[in-house]
Amino acid sequence: MKNSVICIKTVPYQEILNLRDSLERLESWKEPLEVLEKYFTNPTTPINKKQVVKQYYASAKLFETFNKEFKLLIAESQKQLAIITQNQNS
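Residues numbered from 1 in each chain as written. Predicted model: local features only at pLDDT ≥ 70, side-chain atom pairs only at ≥ 80, totals over all residues. Heavy atoms only, no water.

K.L.:
If you had to explain the overall build of the protein chain to someone new, which residues and values would you point to?
P.N.:
Each helix and strand counted, the protein chain has three helices and zero strands in total. Along the protein chain, from the amino end to the carboxyl end, the secondary structure elements read α-α-α. Taking all 90 residues of the protein chain together, 12% fall into the buried category. Nonlocal contacts in the protein chain, meaning residues at least 24 apart in sequence, comprise 84% of its contacts between residues at least 6 apart. (Helix = DSSP H or I, 4+ residues; strand = E, 2+ residues; numbered from the N terminus. Buried < 20%, exposed > 50% of the residue type's maximum accessible area, 1.4 Å probe, protein only. Contact = heavy atoms within 4.5 Å.)

Structure below.
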């Protein structure tokens, strides 16, 4: 039987760590998003206009921060995936 060389394409460990970090950062938003969901899905609470304005402002700021971070993380993850895919095709 001939000795054959098997070329195994591997994903660099650093790329795996980068992707894991991105996923952990996304996971860190789970609790704040649950607070937002609770705020927007609780229609049975009596309406206090001052409280609604405060909560709306805070929720809007939280969403704005999340949205920026989410877009950044998605872009980073797509870049990491492209690098991994490119390395696999090389």
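And the narrative resumes.
K.L.:
So what's going on with the side chain of serine 22? Which residues, and what values?
P.N.:
Looking at the element boundaries, serine 22 is found in helix H1 (residues 13–27). Not counting chain neighbours up to four residues away, the residues in contact with serine 22 comprise Leu73, Glu76, Ser77 and Gln80.

K.L.:
Which residues make up the packing of aromatic side chains, and what values do they have?
P.N.:
Any pair of aromatic rings gets described here by the distance separating the centres and the angle formed by the planes. Enumeration over the complete set of coordinates arrives at three aromatic pairs. Between phenylalanine 63 and phenylalanine 66, the aromatic rings sit 6.5 Å apart at their centres with planes inclined by 45 degrees, giving tilted as the arrangement. With phenylalanine 63 and phenylalanine 66 both in helix H3 (residues 49–89) and three residues apart, this pair spans about one turn of that helix. Three or more aromatic residues joined by ring pairs make a cluster, and in this case those are Trp29, Phe63, Phe66 and Phe70. (Phe/Tyr/Trp six-rings, centres within 6.5 Å; stacked < 30°, edge-to-face > 60°.)

K.L.:
Residues and numbers for H1, please.
P.N.:
With 15 residues, H1 extends 21 Å from end C-alpha to end C-alpha; this agrees with the ideal 21 Å at 1.5 Å per step. What H1 keeps buried is the set Glu15, Leu17 and Ser22. For H1, the buried positions fall inside an angular range of 160 degrees around the axis, keeping them on one side. Every exposed residue of H1 that faces more than 90 degrees away from the buried side is listed here: Tyr13, Leu23 and Glu27. (Expected span 1.5 Å × (residues − 1). Arc of directions from axis to C-beta.)

K.L.:
Can you explain the environment of arginine 20? Please cite residues and give values.
P.N.:
Within the element layout of this structure, arginine 20 appears in helix H1. Of the residues examined, arginine 20 reaches a relative accessible area of 42% and is grouped as partly exposed. C-alpha of arginine 20 to C-alpha of serine 77: the two residues are 57 residues apart in sequence and 9.6 Å apart in space.

K.L.:
An account of the confidence of the model for the protein chain is requested, with residue identities and associated values reported.
P.N.:
Per-residue pLDDT for the protein chain averages 78, and the proportion of residues at 70 or more is 83%. Across residues 1–7, confidence stays below pLDDT 50; counting only partners more than four residues off in sequence or on other chains, it has zero contacts. (pLDDT = per-residue confidence, 0-100.)

K.L.:
Can you lay out the pattern of salt bridges for me, pointing to particular residues and giving the numbers?
P.N.:
Taken as a whole and judged by the stated rule, the model has six salt bridges. Put simply, glutamate 69 and arginine 25 hold a salt bridge, and the shortest N to O gap is 2.8 Å. Note that glutamate 69 is positioned in helix H3 and arginine 25 in helix H1, a separation of 44 residues in sequence. A relative accessible area of 31% places arginine 25 in the partly exposed class. Several salt bridges converge on common partners, so that one network encompasses Arg20, Asp21 and Glu24. (Salt bridge = Lys/Arg side-chain N within 4 Å of Asp/Glu carboxyl O.)

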